[in-house]
Amino acid sequence: MKTKATPKKKNIVERIQRKKRDLMQLINKYVAGSETGQEKISVKPKSLTVVELYSETKKEEDVGSILSKKIVNLSGMELLVLVTKPDGKTRIILATDFREPLILHWALSKTGGDWLEPPSTILPDGSVSLDKAAETKFGQISFGDPPCQVQSLEIEIEGEDFVGMPFVLLSNGNWIKNKGSDFYVDFSTKPKQFRKDAGEGKGTAKDLLEKIAGLESEAQKSFMHRFNIAADLIEEAKDFGELGLAGILVWMRFMATRQLIWNKNYNVKPREISKAQDRLTDLLQNIYKSHPQYRELLRMILSTVGRGGEGDVGQRIRDEILVIQRNNDCKGGMMEEWHQKLHNNTSPDDVVICQALIDYIKSDFDISVYWKTLNENGITKERLLSYDRAIHSEPSFRRDQKDGLLRDLGNYMRTLKAVHSGADLESAISNCMGYKAEGQGFMVGVNINPVSGLPSGFPELLQYVLTHVEDKNVEGLLEGLLEAREDLQPLLSQSNDRLKDLLFLDIALDSTVRTVIERGYEELNDAGPEKIMYFIILVLENLALSWDNNEDLIYCLKGWNHALNMLKSKDDFWALYAKSVLDRTRLALATKAESYQRVLQPSAEYLGSLLGVDQWALNIFTEEIIRAGSAASLSSLLNRLDPVLRKTANLGSWQIISPVEAVGYVAVVDELLTVQNKSYERPTILIAKSVKGEEEIPDGTVAVLTPDMPDVLSHVSVRARNSKVCFATCFDPNILVDLQAKEGKRLHLKTTSADIVYREVKDGEVEVAGPIVVKEESSMPRLTLVRKQFAGRYAISSDEFTSELVGAKSRNISYLKGKVPSWVGIPTSVALPFGVFEKVLSEDCNQAVAEKLDTLKKKLKAGDSSTLGEIRKTVLELLPPSQLVEELRNKMISSGMPWPGDENEQRWEQAWTAIKKVWASKWNERAYFSTRKVKLDHDYLCMAVLVQEIINADYAFVIHTTNPSSGDSSEIYAEVVKGLGETLVGAYPGRALSFICKKTDLTSPKVLGYPSKPIGLFIRRSIIFRSDSNGEDLEGYAGAGLYDSVPMDEEEKVVLDYSSDPLIIDGSFQQSILSSIAKAGHAIEELYGSPQDIEGVVRDGKIYVVQTRPQM
């Protein structure tokens, strides 16, 4: 009998009242690898010991497959035991830094526990045979540079008669043993190849992973051994930082998913396992307190280890189905469909399905018994087909699978019931609330005290959760679970000797949210957008409570709350705004998935290769980690809501960036970046999963279709429109799947401003789609440049800008001064004219740089494009002539601009480096290949540098005075971002705020889309150095945007909160700012008499234009 410290059920209300909380209090900015959350630190791995160095030396020799490697500590000294398999033999290499003379007392074993005298044919020279053993002296070995010394010996055994080698050591008459027992070398372990395809440990704590692999044969003995070894390594893992703890997590996950042996003929008492586990979890708890930047990883390790050593019970549902499939060779058919369903959405139905499978097997595979169990518990064939991952097939097993399946499904049933009855959560709650066991049974005398300092009302809240844990309608239960997690949060960041009990409770609550939300999917089948949005808010809150560096998630959460309020107040733009928050939330999930891939996958692949883990398990390692948490549930909810929002906001399935009719053959690629320099021989429609915005479009491409969302005004978008290439984002995953399935087929794409209709073109059918041709080399436009000369001046003011001295960017800014309306600001400018770079390069002080550049450019002309990066680095070595410094200083001061050198010498150095980076961008890959494509002589390309004071912008904008998507010249199109414009024109993820405005009604802008960019760039008062080449804005060639503009100071990246941004939430402010932007664009277009592409910023409500050029 168990008495819990919880109140009686009669006090429990039917729905809890959630406290009002400030979401900003939930923000943590902990970044792994950072002590403060802001400053990155690098932890160098410990230097190798002499024995470890010797081990590395032996591994570099041709020693064959590595069976095992272990380094044992001997009272401050080390012993290496390395077992290899060269040419069918078994070789044992022993080495130690022990100083005293050492003798190996050894034998061979055929059963694993016996001592047998080794055959005389394998005894090393100088060995002595004894009764059931032999003795061999270690010899001194010198190796390495500088030379190191170890004692070493090698034994080589022919054939497969023996399974292992027991031994002890003898020194000066004293026996040296392994913690009181004999040492034992196991020969039966599967060979571990140090595979090249595992990346050779790049991006991992390699030394730690190899140490883990060397200790695995010891860890296999029992959980006690594994947890003790993990505890011994945890300090070293912490010193490696993020990658070290990632290595421990990967190892523990391999254990939890039974990729590693749990127990190898070793009897160990449960309390010994518990003691080892307590030791490990205590150490993890201590790091959690002292190193908050690793808390997310530490939670994941604790979740994998679990209170009982078998991990988080909710996660075991997803892990153990894989084990059942692997153990019983049943990876296809109904079992695979059930596996997919379990990964997507586990529910109480799974308990019934598991019972139906058990009954079916017990009935000697009578399929009618399977259906009887299902139907009696309310599961019909239609219900199986209604799951998001439908179960179409009936079970079908072989008779030889019967015993194994009954055993494994019986164990699995306990896991399913533990989750869906809340048993695991109940035990975590009991551990924190305290209980005392009385009466009879094995728990008699167990007395656990409640954790001190729990908030008022917390026991009642937990009792509410337990009472409702099996409710069919889950909304109230989810609120209770999250309220409990919110109440726990302050305690998890405080010092508490029972911290790990609180952590395990929080992990159990987190896991239960995932299970409950999946159970609630059915509740959402007929629900409106309001309910789906509320569920999204609840799951997002759950994620924010579990993730480190969660600022982006918190602002997404605030955005969803704002969207829900807009919906409730019947705001006409609620769906359009909610769509932007949905896009941002998806970006946050994708960013997290990429970080897991970067941190965990290399460790999984390398350690997995050392331990012989199944390749399929390595391939899906990170994917399974991501699917394990509530991020997968959130993604599923977003997918439910997306089509509803698109329909409500009249967004359709496509965003057309370049509306061009096209006919071509479908090719599917992961990233446009990987094929940007390719040339397709036939008209090609590229389906690219990733398009960031900075890429070139490959020759021969007639269309690029992507699920990615590059800005309409990004480089690749402009390129597509200029090249008359169809370019569009597809938001419907079903359409994308259909297009990808047509790889190799010929399609006809017909576009409108809002949609694409496509059909397959049959062989022999003639299709003409507008002016589509694959450009032959000879038909590419030939552009000529006039080489610019140094005009004798290092710096000029804006009233001196001419076409001989500067490019169109500088001249246009000079032209606007005094001609635009007075309410439009134009920043003060000076320039380093054409020829200054070449003049600086010719100075005596830069002779060595000039010679090095000349050599590199010859390599480049010979076709070695890998030299581009080296050329850019070399340009940064240039020294400034004193006359350049003096002239630039005088021009900047006389123009009213601040001179960086007046602050200090370092500030001038920063400015000089920025100037050189602009010059060096002549050799960036995108620009170089673009000029080659149009046969533009790269040597004739000259770079002036436009120098402007940076306006510390509230917002930045780009205007196209003719709508680029529709070609409508009566309509202005513009995009706006918070902060500096680099996030708009550069490859920053997410969308800007976009709007159109009729030129006949400039006071009525119409918002087309709200922003989803998570990052804004902000900067102190500073100077920017803008590229201004003679290769920009040539007729028929859009060279603008190819070269770099470099601020003197680094921009600060700020995570954006749109829910408090007046441009989003204040209608009159929005109308005022957007109208002003449209009016400025219209005024500049009228000034030039042609469509313009304009960049500018907004500061304190005032419009500034920083550049304009003809719209291409």
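Residues numbered from 1 in each chain as written. Predicted model: local features only at pLDDT ≥ 70, side-chain atom pairs only at ≥ 80, totals over all residues. Heavy atoms only, no water.

1. So, the overall build of the chain
In terms of helices and strands, the chain carries 35 helices and 35 strands. Whereas a compact globule of 1112 residues would reach a radius of gyration of roughly 32 Å, the chain reaches 34 Å, a difference of no more than 12%. Overall, the chain is about 100 × 75 × 70 Å in size when its C-alpha atoms are taken along their principal axes. Looking at the chain as a whole, 56% of its 1112 residues qualify as buried. The long-range fraction of contacts in the chain, counting pairs at least 24 apart against all pairs at least 6 apart in sequence, stands at 69%. For the chain, the accessible surface area stands at approximately 47500 Å², while carbon and sulfur atoms represent 49% of it. Positive and negative side-chain charges of the chain, numbering 138 and 157 respectively, have mean locations separated by a distance of 2 Å. (Helix = DSSP H or I, 4+ residues; strand = E, 2+ residues; numbered from the N terminus. Rg over C-alpha atoms; globule rule 2.2 N^0.38 Å. Buried < 20%, exposed > 50% of the residue type's maximum accessible area, 1.4 Å probe, protein only. Contact = heavy atoms within 4.5 Å. Areas by Shrake-Rupley, 256 points an atom, 1.4 Å probe, with all protein chains shown as cover. Lys, Arg positive; Asp, Glu negative; His and termini not counted. Charge placed at Lys NZ, Arg CZ, Asp CG, Glu CD.)

2. Points about the environment of isoleucine 155
Here isoleucine 155 lies in strand S9 (residues 148–157). Not counting chain neighbours up to four residues away, the residues in contact with isoleucine 155 comprise Thr90, Arg91, Ile92, Leu104, Trp106, Ile122, Pro124 and Met165.

3. Focus: the pairing of strand S20 (residues 746–751)
Taken together, the four bridges between strand S16 (residues 662–671) and S20 define a ladder with antiparallel strand orientation. Of the residues in S20, the one forming a bridge with valine 663 is histidine 748. The pairing of S20 with strand S21 (residues 756–760) spans five bridges and is antiparallel. Residue pairing in the sheet places leucine 747 in a bridge with glutamate 760 of S21. (Pairing = 2+ DSSP bridges.)

4. Describing the sheet that holds strand S4 (residues 90–96)
Either a parallel or an antiparallel arrangement is found when strands of a sheet pair, and the pairing is made through backbone hydrogen bonds. Taken in spatial order, the five strands make up an open sheet running S2-S3-S4-S9-S8, and their pairing is antiparallel. Each edge of the open sheet is held by one strand with a lone partner, namely strand S2 (65–74) and strand S8 (139–143). Between one strand axis and the next, the sheet turns by 30° as a mean value, whatever way the strands run. Two elements, S4 and S9, share seven bridges in a ladder whose sense is antiparallel. Across the sheet, the residue bridging to leucine 94 is leucine 153, located in S9. Taken strand by strand, helix H1 (residues 50–60) contacts S2, strand S3 (77–85), S4, S8 and S9, and its axis lies near 45° from that of S9. (Axes fitted to C-alpha atoms, helices over the stretch in contact; angles between N-to-C directions.)

5. Some remarks on the environment of proline 683
Take proline 683: it is sitting in strand S17 (residues 679–690). When the C-alpha positions of proline 683 and valine 666 are compared, they lie 8.9 Å apart, and in sequence the two are 17 residues distant.

6. Quick notes on the state of the cysteines
Scanning the entire structure with this criterion turns up zero disulfides. Here cysteine 330 is not cross-linked by a disulfide; its sulfur's nearest cysteine counterpart is in cysteine 354, at 12 Å. Given the relative accessible area of 7%, cysteine 330 is considered buried. Free cysteine: cysteine 730, not disulfide-bonded; nearest cysteine sulfur from cysteine 726 at 11 Å. (Disulfide = S-S within 2.5 Å.)

7. Considerations on unusual backbone geometry
For residues besides glycine, phi is generally negative; the peptide bonds are generally trans as well. The backbone of asparagine 549 shows a phi angle near 50°, a positive value even though the residue is not glycine. Mapped onto the fold, asparagine 549 is located in the loop between helix H18 (529–544) and helix H19 (551–568). Asparagine 549 gets classed as partly exposed once you look at its relative accessible area, which sits at 43%. With a phi angle near 60°, lysine 570 is a residue other than glycine that sits in the positive phi range. Inspection of the secondary structure assignment puts lysine 570 in the loop between H19 and helix H20 (574–611). Given a relative accessible area of 69%, lysine 570 falls into the exposed group.

8. Concerning the sheet that holds strand S19 (residues 726–730)
Here seven strands make up an open sheet; going across it, the order is S15-S19-S18-S17-S16-S20-S21 and the pairing mixed. Two strands bound the open sheet, and with one partner strand each, they are strand S15 (654–658) and S21. Within the sheet, the average angular offset between the axes of one strand and its neighbour, ignoring direction, is 35°. Two strands pair when backbone bridges link them, and S15 and S19 are joined in this way by four bridges, in the antiparallel orientation. If you follow tryptophan 654 over to S19, its bridge partner there is cysteine 730.

9. Re the packing of aromatic side chains
Counted under the stated rule, the structure contains 19 aromatic pairs. Ring centres 5.2 Å apart and planes at 50° place the aromatic pair phenylalanine 790 and tyrosine 794 in the tilted group. Connected via pairs of aromatic rings, a cluster forms that spans Phe837, Trp899, Trp908, Trp912, Trp919 and Trp923. Here the guanidinium or amino end of arginine 682 rests over the ring plane of tyrosine 665, the centre of that ring lying 3.8 Å away. (Phe/Tyr/Trp six-rings, centres within 6.5 Å; stacked < 30°, edge-to-face > 60°. Lys NZ or Arg CZ within 6 Å of the ring centre and 35° of its normal.)

10. Things to note about the pattern of salt bridges
Here the structure, examined in full by the defined rule, presents 71 salt bridges. A salt bridge links lysine 372 to glutamate 376; the shortest N-O distance between them is 2.9 Å. Of this pair, lysine 372 and glutamate 376 both sit in helix H10 (residues 367–376), four residues apart, which is roughly one turn of that helix. With respect to class, lysine 372 is no different from glutamate 376; both count as exposed. Here the salt bridges share partners, and the residues they tie into one network are Arg18, Lys19, Arg21, Glu483, Asp487 and Glu541. (Salt bridge = Lys/Arg side-chain N within 4 Å of Asp/Glu carboxyl O.)

11. A closer look at the nonpolar core
Trp251, Phe254, Leu425, Leu505, Trp560, Leu600 and Ile1077 are the most contacted members of the largest nonpolar core, which has 161 residues in total. Judged by nonpolar contacts, the second largest core, of 46 residues, contains Tyr794, Phe837, Ile871 and Val918. (Core = buried A, V, L, I, M, F, W, Y, C linked by side-chain atoms within 4.5 Å.)

12. Here's the deal with helix H35 (residues 1067–1088)
The α-helix advances 3.6 residues per turn, and as a result positions three or four apart in sequence lie on the same side. End to end, H35 covers 32 Å across 22 residues, agreeing with the expected 32 Å (1.5 Å per residue, within 8%). Listed as buried for H35 are Gln1070, Ile1073, Leu1074, Ser1075, Ser1076, Ile1077, Ala1078, Ala1080, Gly1081, His1082, Ile1084 and Glu1085. Downstream of H35 by one or two residues, glycine 1089 has phi in the positive range, about 75°. (Expected span 1.5 Å × (residues − 1).)

13. Here we look at the pairing of S2
Most of S2 is tucked away: eight of the ten residues are buried. In this sheet, S3 lies alongside S2 in antiparallel orientation, the contact comprising nine bridges. Residue serine 65 lies in a different strand from S3, and its bridge partner there is lysine 85.

14. Overview of the confidence of the model for the chain
Averaged over all residues, the pLDDT of the chain is 86; the fraction at 70 or higher stands at 90%. Throughout residues 34–45 the model reports pLDDT below 50, and contacts reaching past four residues in sequence, or to other chains, amount to 18 contacts. Contacts of residues 768–780 to residues separated by more than four positions or lying in other chains number 18 contacts, the stretch itself having pLDDT below 50. (pLDDT = per-residue confidence, 0-100.)

15. Digging into the packing of helix H2 (residues 206–219) against H20
Angle between the axes and distance between the axes: these two values describe a pair of packed helices. Between H2 and H20, the least distance of the axes is 9 Å, while the angle of their chain directions is 30°. Taken together, H2 and H20 sit at an angle that is classed as roughly parallel. As for the relative orientation of H2 and H20, their crossing is right-handed in sense. From H2, Lys206, Leu209, Glu210, Ile212, Ala213 and Glu216 reach across to H20, where they touch Ser603, Tyr606, Leu607, Leu610 and Leu611. (Parallel < 35°, antiparallel > 145°, perpendicular 65-115°, else oblique. Left-handed = near helix turned anticlockwise from the far one by under 90°.)

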